[in-house]
Amino acid sequence: MISKKMENMVANSSAIRAMFEEGNRLAKIYGPENVFDFSLGNPNVPAPAAVKKAIIELLDGEDPVVLHGYTNSNAGYEDVRQAVAESLNSRFGTAFAAKNITMTVGAAGGLNVILKALLNPGDEVIVFAPYFGEYRSYVSNYDGVIVEISPNTVDFQPKLDEFEAKITPKTRAVIVNTPNNPTGVVYSEDTIRKMAAVMEKKQKEFGTDIYLISDEPYRELAYDGVEVPYLTKYYDNTVVGYSYSKSLSLPGERIGYLVIPDEAADSENLISAANVATRILGFVNAPTLQQKVVKACLNEKTDISFYDRNREALYNGLKELGFECIKPEGAFYLFVKSPVADEKQFCAAAKKYNILIVPGSSFGCPGYVRIAYCVAYETIVNSLPKFAELAKEYK
Ligand code: PLP
């Protein structure tokens, strides 16, 4: 018998994964060119050539015992962490040192490490709908309680009044994700300032430390020159979780980092706790070869032109067909209003045309669907006539 907790988790297991598997099944029946699978955020742009070059050079030039060994610190190689810190300092005017960086097994690993380090059973973690559904499991892993702020479907910036009202003495952390999965929205500097002010006020009122966890795997994926504010500059108790899954197209390599600044409350203990959490959660350390690879590729620019072309084609195509959605400023998702209140019914209707999209309820926002446009351009172009047929059903 599996544990009660896992029973629930298995039962609620990610709708997105299920959809992805359905895509594979349909592709076998109809041929992959006739299936429009928009279900998973798996980048389909190859990693930059610099990644391959770095791997080959490392394999040829480095001592294999070191390269494939455990790192001497669970937080990662000192030189890698120093290089990451310097790169952040030059980009964002911060003052991080190697000790502020913990290398992680992607953003998912980083979030689990920081939540393990922070949460006591019953502690509350606030999230803004729509949000990445996996947060529910990550928080529940450490017996935390997720507190949702309802979606603002006008522009998908967080609802700050409701946020303020829902902060309690048990609020331990707030997770934000910008550019956002599933909306593609970038939280504005104004939003961030106001959010920080609310948190400062509540920390004083309750005499607590409330940590802001910035989950930012999509930081480099921002279009039209939109700036993504660096959150440690607005609120001292900020921890940043970064990932190379999307920026360097390395999701399977499982590499990212946490930034725990000196300004964060109890920073030294938190850094030690993150180190130990990395070990005891069974990660031990982030993959050693990949740590060195990302160090070699820190100055690589993410080429977002591919996603941008998809974004324009899909957004314009769907708007012409009468679908309602806001234009994403970042990431590679479009969050479209379902023409019927029950968006699961709409997803089922889309499947008749071999279009796979994910219900908004997976992100705490029913009535909407997520379309991941990290697919071949041809998939977008060829899907539009199918979307047109789908739209006709609702006219
Ligand atoms: N956070 C968000 C918002 C995501 O969309 C994802 C992956 O899609 C993750 C975290 C996990 O990313 P990683 O591959 O870095 O673990």
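Preceding this section is the structure that the text describes.
Computed from a prediction, not measured in an experiment: that's the story for all the values here. (Residues numbered from 1 in each chain as written. Predicted model: local features only at pLDDT ≥ 70, side-chain atom pairs only at ≥ 80, totals over all residues. Heavy atoms only, no water.)

1. Some thoughts on the side chain of Thr-191
Mapped onto the fold, Thr-191 is located in helix H9 (residues 189–206). By relative accessible area, Thr-191 is classed as buried at 8%. Within the local environment of Thr-191, its side chain forms a polar contact with the side chain of Gln-157, the two groups lying 2.7 Å apart. (Helix = DSSP H or I, 4+ residues; strand = E, 2+ residues; numbered from the N terminus. Buried < 20%, exposed > 50% of the residue type's maximum accessible area, 1.4 Å probe, protein only. Polar contact = N/O pair within 3.5 Å; in protein donor to acceptor, adjacent residues only side chain to side chain.)

2. Re the environment of Val-284
Looking at the element boundaries, Val-284 is found in the loop between helix H10 (267–280) and helix H11 (288–296). We classify Val-284 as partly exposed; its relative accessible area is 28%. Note: C-alpha distance between Val-284 and Gly-76 (208 residues apart in sequence) is 9.6 Å.

3. Regarding the packing of helix H6 (residues 106–118) against H10
Each pair of packed helices gets described by two things: the angle between the helix axes and the distance between those axes. Axis separation between H6 and H10 bottoms out at 8 Å; the angle between their running directions is 120 degrees. The orientation of H6 with respect to H10, classified from their angle, is oblique. Note on packing geometry: the crossing formed by H6 with H10 is right-handed. Only Leu-270, Ala-273, Ala-274, Ala-277, Thr-278 and Ile-280 of H10 make contact with H6, whose side of the interface consists of Val-113, Ile-114, Lys-116, Ala-117 and Leu-118. (Axes fitted to C-alpha atoms, helices over the stretch in contact; angles between N-to-C directions. Parallel < 35°, antiparallel > 145°, perpendicular 65-115°, else oblique. Left-handed = near helix turned anticlockwise from the far one by under 90°. Contact = heavy atoms within 4.5 Å.)

4. Observations regarding the layout of surface pockets
Empty space within the second largest pocket amounts to approximately 630 Å³. Along the wall of the second largest pocket there are 27 residues; nearest its centre are Arg-91, Phe-92, Arg-219, Glu-220 and Lys-301. Broken down by element, the residue count for the lining of the second largest pocket peaks at five residues, all from helix H5 (residues 78–92). Considered class by class, the residues forming the lining of the second largest pocket number 15 nonpolar, five polar and seven charged. (1 Å grid on protein atoms, 1.4 Å probe; cavity = no way out; pocket = protein on both sides within 12 Å on 5 of 7 lines; lining within 4 Å. Points joined across faces, edges and corners; volume = space filled by probe spheres on them. Nonpolar A, V, L, I, M, F, W, Y, C, P; charged D, E, K, R; others polar.)

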